[in-house]
Structure formats: structure tokens, C-alpha cells
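Descriptive analysis of the structure
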Amino acid sequence: MAGLTLKNSYKKYPGGVVAVSDVNLEIRDKEFIVLVGPSGCGKSTTLRMIAGLEEISEGELYIGDRLVNDIAPKDRDIAMVFQNYALYPHMTVFENMAFGLKLRKVPKDEIKKLVEEAAKILDIAHLLDRKPKALSGGQRQRVALGRAIVRDPQVFLLDEPLSNLDAKLRAQMRTELSKLHKKLGTTFIYVTHDQTEAMTMGDRIVVMKDGFVQQVDTPQNLYTSPVNQFVAGFMGSPQMNFIDAHLRIIDGKYTVEFGSEDTKTSRGRKFYVEIPTAKADAEALNYYVDKDVVLGVRPESIHDEEMFISTATTGIIEANVDVTEMMGAETYLYLTCEGIPLTARVDPRSTARPQDKISVALDPNKMHIFDKETEKTVIN
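For the structure given in this document, a descriptive report is provided here.

Let's talk about the layout of surface pockets
Estimates place the volume of the largest pocket at around 590 Å³. Looking at the largest pocket, it is lined by 20 residues, and the ones nearest its centre are Ile78, Ala79, Met80, Phe82 and Arg151. Looking at the lining of the largest pocket residue by residue, the class counts come to 14 nonpolar, 1 polar and 5 charged.

See below:
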């Protein structure tokens, strides 16, 4: 088995289009790493560069200690599983799984043993005589995985392998893939645009945007300590609320102010959230005093429970309820506060209804502040 290293890697196309810029990645042996980001961010291109399906314009790729830039895809000891399964329709499941081994002139009895073992692991042993058209999407996906497993590669590359499945099957296959990774003890590199998939499966996640790596970290750290506004907004569903605000010092405390106030008509309201002492890093915040910033608050850090509001000493705001969504175990409230749209994730027993005017409390211990210009994180 092997780890994998990308050093200062670029993918440039004719006409000056740069799809991937200066990617540096150190993927450990047996790690499950997920590349995530919006469409066109360069994640699939990065995967194809690792596979050898795209040439690396600049930089180096090592699998283990071996530089593989000029090594053909078939000799890199990797296996790729595609979004569309790429099965041969005229072959049975057994023949599809055995095909790569036949090309390598592996003895027949060895092929039979390897295919049957892989089929057993994936619970498709009863499907070996069927053709792909007689299989469901989930079964086809398992066959595509089986074809990769029989080759016993050093690295598995998976390019959005679950995006063609329905929601229930996708959730089931996420669990199956995580179990499979532990069973095989191989390095998995997985591409998805779905942050839920990334959060639930990856040991570490690589967040990409416009060809650049934004942050590489564990799911928990990406969620609680994003390096910039893009990562903060991309990770988490519903996404983080962003509020244009102003940083001030009031009564000796760093305080975030937002809302609107017309002094002539006394319409509108200003709201204030004190930054707790434990979070108030003077070195980070002093530069932003009396400047505009962006306040970030996750939906679960906006509370409508009376118990939370009655004990809150700061961050209580008034908002209009526009829409409520019952999700079973929780309720989403879509609110407007002084023209600012907010989403709150609250207890399903919440009594808030559309058109209500309610008080909610922002949890100051969970707030984030971002630089308005650079979008970099000031404090988490």
C-alpha cells in the first residue's frame, strides 16, 4: 500500500485556461481523503491527473516514493471508479470484474478466486451471471467497485461514484464504502460536490474553489474552524448565515453591531453581540475596530427556546418568520431581521409559525468573524 504526494501541481489548457493551480497534497497510506467543491473547481481534474488521464502541466506526483508523472495509467497501480460505472453491457458481471485481470494474463483459476472473493465482500455473488442491464444502479455501482478491488491497487480513485443513485441508496452506499475502505486497508481518494458525503466519509477533506485548495483538514475542524468565508459557507447544511456587520468596542468589550437605524424616523433597529472574552483575540481584532466585518453564525447557533433567550446576556434579536420547514428531528426557520435573511435550525417542538415576529438569541460562543475584503477568517 502507499501514500500519495502532489507537489506544486498545475493543469493548464491551451488558451491560458488554468484548471488546477499549485496543488500541494500529502495523502497518507490507508487514508480516506475527499476532494470537495462546487462544479468546475478542479477536483475531478486533480483526480484525473493522479490517474494519468490528464497530463500534469507543472509539478510532481509521487505514489509511495515513486515519481509517476511519466508513467502510463495502467502502470501506476491505481484503480478508478467512475460516476457512470463504465461497465461493458455485453459481458456478465463476472466477465466485467475479470476483464482487467484477463488483460494482465492472470491464470483462470486465480481470476475465479479473486472475482468470487470480491463479489462476496460486496454481496453480489448471486449476480455474477447477470448482464449490467438486469442490475439496479446500486448493484452496478458494486460491480464497478468489484472490478477495481480484484486488481488490489495501491490507491482507489472514486469520481462522484454515488451521484446517479437515489437519496436512500446513496446514504446506504456511503456506509458501505466506509466499511469497504476499512476492510481493504487501501488509500481512497474520493471526489464529490456533496458536502454531506464529504463530512460523513472522509478522514480528511480537501476543499477546492477555482482550481485552488482552500483548506485541508478533518471534517470537524473544517466545520468549527474554517479558514475563510467560502469554506465556512460550503461546509454545513443549511449553510452558515453571513451578516454584514461593524466591529466596535462598547464598555471595554469587542462588540459586533448590525441592523439598520434611521435616526430621523426612529425606524429599524440595531442589534449587538458581545464577543466572549475567551474568543476575543485582541491581536486579531484590534485592526478591525470601527471597520466593517462579516459575522458568521451557523443555523444551529440561533435559538428560539425561551430558556436560552432568558439566560442570554447578548445577541438577542427580533426577526420575522417567513417560512418553517418541518424536517422530523428538527425544524428550519427562515427568518428576516432588518432585511437580513437568516436560517435557524431549532427543536421540532418550536411554536414559531409564518408571519410571527419572534425573539431569537445568537450563541456568541459559536460566532465567526471574517474580513469583509479578503473573506479570510478573523476569529472562529
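So, next bit.
Some thoughts on the pattern of salt bridges
Scanning all chains against the criterion turns up 18 salt bridges. The closest approach of N and O atoms between Lys11 and Glu54, which form a salt bridge, is 3.6 Å. Placement of the pair is Lys11 in strand β1 (residues 4–13) and Glu54 in the loop between α1 (43–51) and β4 (58–63), with a sequence separation of 43 residues. Each of the two residues, Lys11 as well as Glu54, counts as buried. Among the ionic pairs, Lys74 bridges to Asp75, the shortest N-O distance being 3.5 Å. Take Lys74: its relative accessible area is 62%, and that puts it in the exposed class. Three or more residues are tied together by salt bridges with common partners; here these are Lys11, Arg48 and Glu54.

Some points on unusual backbone geometry
Following Ser237, the chain continues to Pro238 via a peptide bond in cis, the omega torsion being -5°. Phi angles above zero are rare outside glycine, and Asn8 is one such case at about 45°. Along the chain, Asn8 falls in strand β1. Its identity is not glycine, yet Asp251 carries a phi of approximately 50°, on the positive side. Overall, Asp251 belongs to the exposed group, its relative accessible area being 77%.

Concerning the side chain of Asp159
Relative to the assigned elements, Asp159 resides in strand β7 (residues 155–159). Buried charge Asp159 goes without a salt bridge, the closest partner of opposite sign being Arg48 at 5.6 Å. Reaching out from Asp159, the side chain makes a polar contact with the side chain of Ser44 at a distance of 3.0 Å. Not counting residues within four places of it along the chain, the set of residues in contact with Asp159 comprises Ser44, Leu47, Met80, Val81, Phe82, Gln83 and Val191.

A closer look at the packing of aromatic side chains
A full pass over the atoms with the stated rule returns 8 aromatic pairs. For the pair Phe230 and Phe234, a centre-to-centre distance of 5.7 Å together with 20° between the ring planes defines the contact as stacked. Residue Phe230 and its partner Phe234 are located together in helix α8 (residues 229–234), separated by 4 residues, close to a single helical turn. Note on accessibility: Phe230 and Phe234 belong to one class, buried.

Overview of helix α3 (residues 108–121)
With 14 residues, α3 should cover 20 Å at 1.5 Å per step; its first-to-last C-alpha distance of 20 Å lies within 8% of that length. Every buried residue belonging to α3 is among Ile111, Val115, Ala118 and Ala119, and all of these are buried. Buried residues along α3 cover an arc of 100° about the axis, so they all sit on one side. Exposed residues lying more than 90 degrees from the buried face of α3 are Asp109 and Lys120. Buried residues in α3 make contact with α2 (93–103) and α4 (137–149). Count one or two residues on from α3 and you reach Asp123, which has phi positive near 60°.

Here's the deal with the nonpolar core
The biggest cluster of nonpolar side chains holds 45 residues, and the ones touching the most others in it are Met97, Leu145, Leu158, Leu177, Tyr190, Val207 and Met235. Counting residues per element, this core draws most heavily on α4, at 5 residues. Setting aside residues no more than four positions away along its own chain, Leu177 makes contact with Phe32, Leu145, Leu158, Leu162, Phe188, Tyr190 and Met201. Grouped together as the second largest cluster of nonpolar side chains are 33 residues, Tyr288, Ala344, Ile369 and Ile379 included.

Here we look at the pairing of strand β2 (residues 17–27)
Both β1 and β2 contribute to a ladder of 7 bridges, which runs antiparallel. Note on β2: the bridge partner recorded for Leu4 is Ile27. Here β1 folds back onto β2 in antiparallel fashion, the turn holding 3 residues, of which Gly15 has a positive phi close to 90°.

Concerning the environment of Leu87
Inspection of the secondary structure assignment puts Leu87 in the loop between β6 (78–81) and α2. C-alpha separation for the pair Leu87 and Arg140, spaced 53 residues apart in sequence, amounts to 7.9 Å. Once residues lying within four places of it in the same chain are set aside, the contact partners of Leu87 are Asn96, Pro132, Arg140, Val143, Ala144 and Arg147.

With respect to the sheet that holds strand β18 (residues 340–346)
The 5 strands lie next to each other as β15-β19-β16-β17-β18, forming an open sheet whose pairing is antiparallel. One side of each edge strand has no neighbouring strand; the edge strands of this open sheet are β15 (302–303) and β18. Where strand β17 (residues 331–337) lies against β18, 7 bridges are found, and the strand directions are antiparallel. Counted as the bridge partner of Leu335 is Leu342 from β18.

Details of the side chain of Thr187
Take Thr187: it is sitting in strand β8 (residues 187–192). Beyond its immediate sequence surroundings of up to four residues, Thr187 is in contact with Ala2, Ile27, Arg28, Asp29, Lys30, Glu31, Gln154, Val155 and Phe156.

As for the sheet that holds strand β20 (residues 368–371)
Reading across the sheet, the 6 strands line up as β13-β12-β11-β14-β20-β21 and stay open at both edges, with antiparallel pairing between neighbours. Looking along the sheet, the strands with just one partner apiece sit at the ends: β13 (270–274) and β21 (377–379). Ignoring strand direction, the axes of neighbouring strands in this sheet form an average angle of 40°. When strand β14 (residues 291–297) meets β20, the two strands line up antiparallel, connected through 4 bridges. Paired with Val293 across the two strands is Asp371, which belongs to β20.

So, how was this worked out
Residues numbered from 1 in each chain as written. Predicted model: local features only at pLDDT ≥ 70, side-chain atom pairs only at ≥ 80, totals over all residues. Heavy atoms only, no water. 1 Å grid on protein atoms, 1.4 Å probe; cavity = no way out; pocket = protein on both sides within 12 Å on 5 of 7 lines; lining within 4 Å. Points joined across faces, edges and corners; volume = space filled by probe spheres on them. Nonpolar A, V, L, I, M, F, W, Y, C, P; charged D, E, K, R; others polar. Salt bridge = Lys/Arg side-chain N within 4 Å of Asp/Glu carboxyl O. Helix = DSSP H or I, 4+ residues; strand = E, 2+ residues; numbered from the N terminus. Buried < 20%, exposed > 50% of the residue type's maximum accessible area, 1.4 Å probe, protein only. Lys, Arg positive; Asp, Glu negative; His and termini not counted. Polar contact = N/O pair within 3.5 Å; in protein donor to acceptor, adjacent residues only side chain to side chain. Contact = heavy atoms within 4.5 Å. Phe/Tyr/Trp six-rings, centres within 6.5 Å; stacked < 30°, edge-to-face > 60°. Expected span 1.5 Å × (residues − 1). Arc of directions from axis to C-beta. Core = buried A, V, L, I, M, F, W, Y, C linked by side-chain atoms within 4.5 Å. Pairing = 2+ DSSP bridges. Axes fitted to C-alpha atoms, helices over the stretch in contact; angles between N-to-C directions.

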